[in-house]
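# Structure at a glance
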Amino acid sequence: MDKVKIGFIGCGGIANYHVNHLLEMDDVEIVAVADPIEERRVAMSQKVGGARIYPTYKELYDVEDALDAVYVCIPPDQHTDTETRAIEKGFNIFVEKPMALSMEKANEVKDAIDKAGIVSAVGFQDRYLDIIEKAKTYLEGRSVGIVYGSWIGGIPGVPWWKDKKQSGGQIVEQNIHLFDMLRYLFGEADMVYSCAGRGIVKDIPGYNVEDYSSTTMTFKNGVIATLFTGCYLGDEAPGKGNGLSIMCSDSRVEYDLRHAVRFIKRYHMEEYITAQDQGMRADRIFIDAVRAKDPNMVRSPYADAVKSLQLTLAANQSIDSGLPVRL
């Protein structure tokens, strides 16, 4: 293999996030892009040096046969056969989160990946943070009882985000990163209970997601974790300081979202500031895994990411029913 040939399904903000990384790699070539918005697909083609342009993913798949991988960067509700058709053609896939809004669709894709044996990755790039590696090592062998954390801010600017049928709501579309981090650090959950409220966010046409929520999860290893989610903060509100607080029997671990981790004891504290672009690292490892044909190199393969999606969908189910959900 010379250069790894990449196609992009979707040319919006998150696609450009990945493209910026890939353009720094000498062994990668972006050769085809698809997006229903002409301005975006043309701009992407020009940015990468003249990739072939398609208005739909179907047309791209009909023509392109020599791609090594595709990045699927589309809104949550638009995952139809976007992944399965790529898998049928033998393309490795990188899918942005959330990968679907139903477990039925996610499991369909997972099964197709398992059968094909291709390399897959999902955009949980925070698993590649150096500070998360330090936290994971520090927690080995330690007794943890309670974890609490938050992702509280404003409303992202993309128009589909405010419609729960399109985005899945903030838990599924955004705070899924911290739900995934809990799984990465503590294993699998067995129960989810969530409650939510509305009424603070007003006068936004088409807005129907929850303004705030609290989700408590019990994990099979005994850990109890609570995550707070909110999108009602105004421009003048101070930042919440999002991340995780992990209460060990002998210390506390404070993870400042994508910035720092602190290991705190009564008379001693160690602090580490992240020194890397975790998204670049996630993309680099995906490309290396494609080259090596080794799915095990990826820290968030599709089959694992399905379990994080299940946690967030269970939280939504609990909000709707008012009952805990057993996994």
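Preceding block: the structure.
Now for a look at the structure at hand. Every residue gets a number counted from 1 within its own chain, in the order that chain's sequence is written. Totals for whole chains, interfaces and linings use every residue, but because this is a predicted model, local features are given only for residues with pLDDT of at least 70 and side-chain atom pairs only at 80 or more, for both listing and counting. Heavy atoms from the whole structure form the basis of all side-chain values; hydrogens and water molecules are not counted.

For the rest of this paragraph, the subject is the overall build of the protein. Numbering of helices and strands runs from the N terminus, with a helix taken as a DSSP run of H or I at least four residues long and a strand as a DSSP run of E at least two residues long. The helix and strand tally for the protein stands at 11 helices and 15 strands. Along the first, second and third principal axes, the C-alpha set of the protein runs to 60 × 45 × 40 Å. Relative to its 327 residues, the protein shows a buried fraction of 54%. Within the protein, contacts between residues separated by at least 24 positions form 70% of all contacts whose residues are at least 6 apart in sequence. Using a 1.4 Å probe, accessible areas were evaluated by the Shrake-Rupley method; residue-level cover was limited to the displayed protein chains. With the model as given, the accessible surface of the protein reaches about 14600 Å², and the carbon-plus-sulfur share is 49%. Taking the 37 positively charged and 47 negatively charged side chains of the protein as two groups, their mean positions are separated by 4 Å. Each residue is assigned to one of three classes by its accessible area relative to the maximum for its type, calculated with a 1.4 Å probe on protein chains only: buried under 20%, partly exposed between the two thresholds, exposed over 50%. Contact between two residues is taken to exist if any of their heavy atoms lie within 4.5 Å; hydrogens are not considered. Asp and Glu count as negative and Lys and Arg as positive, but His and the ends of the chain are not part of the count. We put the charge of a Lys on NZ, of an Arg on CZ, of an Asp on CG and of a Glu on CD.

On to the sheet that holds strand E11 (residues 243–248). In short, DSSP must find at least two bridges between two strands for them to pair. In space, the 9 strands of this open sheet follow the order E14-E13-E12-E11-E7-E10-E9-E8-E15, with mixed pairing throughout. In this open sheet, the two edge strands, each paired with only one partner strand, are strand E14 (268–273) and strand E15 (325–326). The pairing of strand E8 (residues 189–197) with strand E9 (residues 212–219) spans 8 bridges and is antiparallel. For alanine 189, the partnering residue across the bridge sits in E9 and is phenylalanine 219. Packed on one face of the sheet, helix H9 (residues 176–186) meets strand E7 (144–152), E9, strand E10 (224–230), E11 and strand E12 (252–256) and runs near 30° to E11. As a rule, the C-alpha atoms of each element are fitted with a line to give its axis, helices using only the stretch in contact, and angles between N-to-C directions run from 0 to 180 degrees.

Attention now moves to helix H6 (residues 130–139). The set of residues buried in H6 consists of Asp130, Ile131, Ile132, Ala135, Tyr138 and Leu139. Taken from the residues just after H6, glycine 141 is the one with a positive phi, measuring 85°.

By definition here, a helix of n residues has an expected span of 1.5 Å times n minus one. For helix H5 (residues 103–116), built from 14 residues, the straight-helix expectation of 20 Å at 1.5 Å per residue is met to within 8% by its first-to-last C-alpha distance of 20 Å. Where H5 is buried, its residues contact helix H4 (82–88), strand E5 (92–95), strand E6 (120–122) and helix H11 (302–321). Two residues or fewer past H5, glycine 117 is found with a positive phi of approximately 70°.

Turning to the environment of phenylalanine 124, a few remarks are in order. Looking at the element boundaries, phenylalanine 124 is found in the loop between E6 and H6. Separated by 18 residues in sequence, phenylalanine 124 and arginine 142 place their C-alpha atoms 25 Å apart. For phenylalanine 124, the residues in contact, after removing those within four places along its chain, are Lys97, Ile176, His177, Asp180, Ser300, Ala305 and Ser308.

The next subject is the packing of aromatic side chains. Centres within 6.5 Å are what make two rings of Phe, Tyr or Trp a pair, Trp counting through its six-membered ring; a difference in plane orientation under 30 degrees is then read as stacked, over 60 as edge-to-face, and the rest as tilted. On inspection of all chains with the given rule, the structure shows 9 aromatic pairs. Both rings, one in tyrosine 61 and one in phenylalanine 91, keep their centres 6.4 Å apart while their planes meet at 50°; by these two values the pair is tilted. With tyrosine 61 in helix H3 (residues 57–63) and phenylalanine 91 in the loop between H4 and E5, the pair connects residues that are 30 residues apart, well separated along the chain. For tyrosine 61, a relative accessible area of 0% corresponds to the buried category. Geometrically, the ring pair formed by tyrosine 138 and phenylalanine 263 is stacked, given 4.1 Å between the ring centres and 5° between the ring planes. Placement of the pair is tyrosine 138 in helix H6 and phenylalanine 263 in strand E13 (residues 260–265), with a sequence separation of 125 residues. Owing to a relative accessible area of 13%, tyrosine 138 belongs among the buried residues under this scheme. Classification of phenylalanine 263 by relative accessible area gives buried; the value is 6%.

It is worth spelling out the pattern of salt bridges at this point. Every case where a carboxyl oxygen of Asp or Glu lies within 4 Å of a side-chain nitrogen of Lys or Arg is listed as a salt bridge. Summed over all chains, the structure comprises 26 salt bridges. Glutamate 133 is paired through a salt bridge with arginine 281; the nearest N and O atoms lie 2.8 Å apart. Remark: arginine 281 occurs in helix H10 (residues 278–292) and glutamate 133 occurs in helix H6; sequence separation between them is 148 residues. A single network of salt bridges, built from pairs that share partners, joins Arg127, Asp180, Arg183, Glu188 and Asp304.

Omega for the bond connecting lysine 97 with proline 98 falls within 30 degrees of zero, at -20°, which places this linkage in the cis form. Tracing the backbone shows proline 98 in the loop between E5 and H5. Its identity as a non-glycine residue notwithstanding, aspartate 203 has a phi of 65°, on the positive side. With respect to the helices and strands, aspartate 203 occurs in the loop between E8 and E9. Not every positive phi belongs to a glycine, and arginine 258 is a case in point at roughly 60°. Here arginine 258 is to be found in the loop between E12 and E13.

In this section: the packing of helix H1 (residues 13–22) against H10. Remark: H1 packs on H10, axes separated minimally by 9 Å, with the N-to-C direction vectors making an angle of 70°. The angle between the axes of H1 and H10 places the two elements in the roughly perpendicular class. Like other packed secondary-structure pairs, H1 and H10 cross with a definite hand, here right-handed. Of the residues in H10, those in contact with Tyr17, His18, His21 and Leu22 of H1 are Gly279, Met280, Asp283 and Ile287. The residue classification treats Ala, Val, Leu, Ile, Met, Phe, Trp, Tyr, Cys and Pro as nonpolar and Asp, Glu, Lys and Arg as charged. All others, Gly included, are polar. Partitioned by chemical class, the residues of the contact of H1 with H10 number 4 nonpolar, 3 polar and 1 charged. For classification purposes, angles smaller than 35 degrees are called roughly parallel, those larger than 145 roughly antiparallel, those between 65 and 115 roughly perpendicular, and all remaining angles oblique. What makes a crossing left-handed is the near helix being turned counterclockwise from the far one by less than a right angle; a clockwise turn instead makes it right-handed.

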